[in-house]
Amino acid sequence: MTLQQFQQSIREGIPAELPAPKPYDPEVNHAPKRKDILTKEEKKLAIRNALRYFEPRHHAVLAREFAEELEKYGRIYMYRFRPDYEMYAHNIYDYPHKCLQAAAIMLMINNNLDKAVAQHPHELITYGGNGAVFQNWAQYRLAMKYLSEMTDEQTLVMYSGHPLGLFPSHKDAPRVVVTNGMVIPNYSKQDDWERFNALGVSQYGQMTAGSYMYIGPQGIVHGTTITVLNAGRKISKHGEGLAGKLFVTAGLGGMSGAQPKAGNIAGCVSITAEINPKATHTRYSQGWVDEVIDDLDVLMKRVRQAKAEKQVVSIAYQGNVVDLWERLAEEDIVVELGSDQTSLHNPWAGGYYPVGLSFEESKQMMAEQPELFKEKVQESLRRHVAAINKCVERFGTYFFDYGNAFLLESSRAGADILKPNGDFKYPSYVQDIMGPMCFDYGFGPFRWVCTSGDPKDLAKTDELAAKVLEELAAQSPKEIQQQMHDNIRWIKAAAENHLVVGSQARILYADAEGRIKIAEAFNKAIEWGEISAPVVLGRDHHDVSGTDSPYRETSNIYDGSKFTADMAVQNVIGDSFRGATWVSLHNGGGVGWGEVINGGFGMLLDGSADADRRLKNMLFWDVNNGISRRSWARNEGAVFAIKRAMEANPNLKVTLPNYADDQLVESLF
Ligand SMILES: NC(=O)c1ccc[n+]([C@@H]2O[C@H](COP(=O)([O-])OP(=O)(O)OC[C@H]3O[C@@H](n4cnc5c(N)ncnc54)[C@H](O)[C@@H]3O)[C@@H](O)[C@H]2O)c1
């Protein structure tokens, strides 16, 4: 397809004449059939809703087709309207546009739907099984058309994938405001999502799927490496590293697939159990896991040897993680670190495969006997936890929840996971690791994308970022030295680790000062032509300020406010009037619908003075909002960090907490 045809297709939006139906491509990884949740009347409503995008003369054909999709897949994806061009992050100047910011957003959307990047590209799902960019292809086409037409005096409003329209605004306003899955709180249960999504009125945007900020597995490799490294520091008795220590976990899927690679970078022996042979094969063929073993006897022998010889090796166990833990609990192999990354945020629809059933049997049971399947999952979780408990008792294993709702779902299943006071027996990785070591100081998953698509630009940005961090590290207080040095090491080795999948992107944990200084350096380099095209800045929502999630990002908030969501909402509102190019606010993401509110932004740096003004204003708020909230919750690191920020900027005046005398309070009741 020529560039002109590509541009023409974007400008056209929803075609006036129906394109030919698209055959179902068995080579592509498709979303599982969703639960058949709608009543007959609701199904009619779903069809009426879908037909709103099309002229009535096409309704007779489309109504039948959509009804068939609804029956067959549980959703109406409008497959026929998937564009013919290849979906990937084209160079920013290839997108038809009147405003460069809009072109950058189109690039980011297409990257999220690239088949090398997206989990179920034809169902518009980027990751996590249900993280949608749009609900259907009509929405995609219409949004791209609007973006190609918009000026920098307009804002596109996105309601859960549906482009509500272009509205007059102004140059400093966000070009796009996205909301995903925002429902009335009492209607925020798993089945509500299934129903609203099937009706075509809401979607689960995960974090970076529906906010157009996914950068492939790299983002997660970095975060996972930091987590495993710091978990290793926690269990280090005499300052020794992870050599010869064993990390046991599960999941080789979208995000979880980063675990073996992170284990290798951190220098341990790892076993990652995976039930789906396709997922195992993908990670093995990509070189993300070194060896695959499906026999527990062979595995035990191999692990003994790897530990004894202090090999750095990642092993996939092809099988159910419960079988693995139960076997380990009987062996004399010490398990130093343990976690889990099955998709327990989505336990009943393919996120967790119960022990005792084959992969295929599970798939059949979840569609045909959902109640029985639920029982099997819960029974499996009880066994899963019992085996982990045994390892913890025998070996002193340090087990942590990896943000997948493992503790929560296990407790709901009645597993032995609670202390007598009702708290979970094990910490979440944010409570023990990411929160106190990173988020409280403002370190979080800052990222950028070079819109030229040229690896040379990415190399230049790596070089600039490393230089900025080295300068900052030279004057950093001791409290943040470790984080600074981990990140300098990461950015210097990033190119060698060949982590780019899709757009030319990089991730780096940085604090407010680091993010601002790095962004300033990029903006100047763009102005001077050292970087050939604009750069998009963003972050994962899994950050200091972006997300209110009581069992994950905000699990280390102990003043009772972890069930509130003011921070995430304020973050998005504040970013939007401080210069973000786009903002997004989501219900759900990672841990599940109704369990989290998260917000994100994207910002285009084009080398202009406007961009320089915006980046300083917005990034400062974007990080310090969360630090302030964490400081008010009396988190020590955050109190330290916010005082430092106030010294640096006299316009910042944050309310600081006073500390109550424990004896006084204890004597009261
Ligand atoms: N990596 C991170 O930094 C991070 C951070 C926060 C949360 N998470 C959470 O981790 C979870 C995993 O994310 P993902 O994108 O990899 O999901 P995914 O669905 O792509 O992968 C999960 C994998 O687990 C496998 N699995 C399920 N049950 C199993 C079992 N009993 N035994 C062995 N394998 C089993 C599945 O086959 C699947 O391949 C999610 O809940 C996500 O929210 C990850």
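Please read these numbers as outputs of a predicted model, since none were measured by experiment.

Caption draft 1: Spatial organisation of unusual backbone geometry. Positive phi is not limited to glycine here, since Tyr-212 has a value of about 65 degrees. One can find Tyr-212 in the loop between helix H6 (190–199) and helix H7 (218–235). For Tyr-212, a relative accessible area of 2% corresponds to the buried category. Despite not being glycine, His-498 shows a phi value in the positive range, around 45 degrees. Topologically, His-498 is positioned in the loop between helix H18 (478–493) and strand S13 (504–510).

Caption draft 2: Representation of the pattern of salt bridges within the structure. Across all of its chains, the model carries 45 salt bridges by this definition. Across the pair Glu-17 and Arg-57 runs a salt bridge, and its minimum N-O distance is 3.0 Å. Taken together, the positions of Glu-17 in the loop between helix H1 (3–12) and helix H2 (40–51) and Arg-57 in the loop between H2 and helix H3 (59–73) put the pair 40 residues apart, joining distant regions of the chain. On the accessibility criterion, Arg-57 (48% relative accessible area) is partly exposed. Glu-194 serves as the salt-bridge partner of Arg-75, at 3.0 Å between the closest nitrogen and oxygen. Linking Arg-75 in the loop between H3 and helix H4 (100–112) with Glu-194 in helix H6, this pair joins segments that are 119 residues apart in sequence. Each of the two residues, Arg-75 as well as Glu-194, counts as buried. Beyond isolated ion pairs, a larger network of salt bridges with shared partners links Lys-171, Asp-172, Asp-610, Arg-613 and Arg-614.

Caption draft 3: Looking closely at the site of the ligand. Among the 29 residues in the neighbourhood of the ligand, the closest are listed as Ser-256, Glu-274, Ser-343, His-345 and Arg-552. Between Ser-256 and the ligand, the recorded distance is 2.6 Å, taken from a side-chain N or O atom to an oxygen atom. In this structure, Ile-275 approaches the ligand through a main-chain N or O atom, which is 3.2 Å from a nitrogen atom. Look at the ligand: alone it shows 870 Å² of surface, and the protein chains cover 95% of it.

Caption draft 4: Spotlight on the sheet that holds strand S11 (residues 398–399). Pairing is parallel in the open sheet, where 6 strands are placed in the order S8-S9-S7-S6-S10-S11. Looking along the sheet, the strands with just one partner apiece sit at the ends: strand S8 (291–293) and S11.

The rules we used
- All chains use their own residue numbering, which begins from 1 and follows the written sequence.
- Thresholds applied to this predicted model are a pLDDT of at least 70 for local features of residues and 80 or more for the giving and counting of side-chain atom pairs; totals over whole chains, interfaces and linings are not thresholded and use all residues.
- To obtain the side-chain values, all non-hydrogen atoms of the structure were used and water was disregarded.
- A run of H or I in DSSP counts as a helix once it spans at least four residues, and a run of E counts as a strand once it spans at least two, with each numbered from the N terminus.
- Note on exposure labels: buried denotes an accessible area under 20% of the residue type's maximum, exposed denotes more than 50%, and partly exposed covers the range between, all computed with a 1.4 Å probe on protein chains only.
- Any carboxyl oxygen of Asp or Glu within 4 Å of a side-chain nitrogen of Lys or Arg constitutes a salt bridge here.
- The near set for a molecule or strand comprises every residue that places at least one heavy atom within 4 Å of it.
- Within 3.5 Å is the distance limit for a polar contact, defined as a pair of N or O atoms, with the added protein rule that one can donate a hydrogen and the other accept it, and that residues adjacent in sequence qualify only through two side-chain atoms.
- Each accessible area is a Shrake-Rupley result for a 1.4 Å probe, and residues are judged covered by the shown protein chains and nothing else.
- A pair of strands counts as paired when DSSP detects no fewer than two bridges linking them.

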